[in-house]
Every structure is written in structure tokens, then in C-alpha cells.
Amino acid sequence: MAYQFDDFQKYGKEQLEVVTTSSSSLAKGWQTIAAESSEYSKKSFENGSAFFEKLLGAKSFESAIQIQSEYTKTVLEELVGYVTKTSELYADLAKEVFKPIETAITKVQAAKV
């Protein structure tokens, strides 16, 4: 009976470690994504303000169209960069969070065989 209790206790401890590790990875991942999003928002706001100032200084309609075109191109390039970066961060987050769980499942499957 004591043998089964010790096994149960060991299993519970291992599962707690898995949850703790996954939670830690999740928190770090969210912090990284939040920092990236904050940086993108700040940069986007600064670029929008600079665009508006340039647009107010336009001397002709053609000049305003050129400024708008340049701004649009810049915004789209930055958006694609941001989406690419955050996609990579989310993929890395998923890998890190599920790594301890995958290891625990592998241990359980190996023990059953």
C-alpha cells in the first residue's frame, strides 16, 4: 500500500512541475508579445503623427498624394513585419508551453509499455 502511495505522490509532484513550467513559459511568452505589441503601437503612433505633419505642409494636391502613398507603403511594410514577428512569437510560445506536457505524456506512455 505504501508503495502505491509513494508512486501517487511522485506522479502528483511531476504533474505539478509540468504545470509550473508551462505556466512560467506562458507568462514569459505573453510578456514578450505584449512588449512587441507596445513597441509597434508606439512606432505606429509616431509615424502617424509625422505623416500628419508632412501632410499639413504639402504645397499641392500632387504632393499630398505622394506623401499619402509613401505613408501607406511604410505602414503596410511595418504591419507585415509586425504580423510576421508576432506569428513567430506565438508559434514559439506554443512550442515552449507544450514542451513539458509532451515530455510528461511521453513518460506516461513509456511507463505503460
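Refer to the structure above for everything that follows.
Since this is a predicted model, take the numbers as computed values, not measurements.

## Quick look at the overall build of the protein
For the protein, the helix and strand inventory stands at 2 helices and 0 strands. Taken against the 2.2 N^0.38 rule, which gives 13 Å for 113 residues, the C-alpha radius of gyration of the protein at 25 Å runs more than 25% over that of a compact globule. Referenced to the eigenvectors of the C-alpha coordinate spread, the extents of the protein come out at roughly 90 × 25 × 10 Å. Classification of the 113 residues of the protein by burial places 14% in the buried group.

## Notes on the side chain of Ser22
Note that Ser22 resides in helix α1 (residues 2-56). Accessibility expressed as a relative area gives 8% for Ser22, which makes it buried. The contacts of Ser22, once residues within four sequence positions are left out, are Val97, Pro100 and Ile101.

## Here we look at the packing of aromatic side chains
For the structure shown, the criterion picks out 3 aromatic pairs. Between Trp30 and Tyr90, the aromatic rings sit 5.8 Å apart at their centres with planes inclined by 80 degrees, giving edge-to-face as the arrangement. Remark: Tyr90 occurs in helix α2 (residues 61-112) and Trp30 occurs in helix α1; sequence separation between them is 60 residues. Under the relative-accessibility criterion, Tyr90 is labelled partly exposed at 39%. Taking 4.1 Å as the distance between ring centres and 15 degrees as the angle between the ring planes, the aromatic pair formed by Phe51 and Tyr71 counts as stacked. Of the two residues, Phe51 is situated in helix α1 and Tyr71 in helix α2; the sequence distance between them amounts to 20 residues. Under the relative-accessibility criterion, Tyr71 is labelled partly exposed at 24%.

## Description of the pattern of salt bridges
Inspection of the entire model under this criterion finds 1 salt bridge. For Glu96, the salt bridge is made with Lys99, and the minimal N-O distance between the two is 3.2 Å. Here Lys99 and Glu96 lie together in helix α2, a separation of 3 residues that amounts to about one turn. Overall, Lys99 belongs to the partly exposed group, its relative accessible area being 45%.

## Side note on the environment of Gly48
Of note, Gly48 is situated in helix α1. What makes Gly48 partly exposed here is its relative accessible area of 21%. Sequence separation between Gly48 and Ile101 is 53 residues; the distance between their C-alpha atoms is 44 Å.

Calculation criteria
Residues numbered from 1 in each chain as written. Predicted model: local features only at pLDDT ≥ 70, side-chain atom pairs only at ≥ 80, totals over all residues. Heavy atoms only, no water. Helix = DSSP H or I, 4+ residues; strand = E, 2+ residues; numbered from the N terminus. Rg over C-alpha atoms; globule rule 2.2 N^0.38 Å. Buried < 20%, exposed > 50% of the residue type's maximum accessible area, 1.4 Å probe, protein only. Contact = heavy atoms within 4.5 Å. Phe/Tyr/Trp six-rings, centres within 6.5 Å; stacked < 30°, edge-to-face > 60°. Salt bridge = Lys/Arg side-chain N within 4 Å of Asp/Glu carboxyl O.

It is worth stressing that arrangement in space is one thing and function is another; only the former is reported here.
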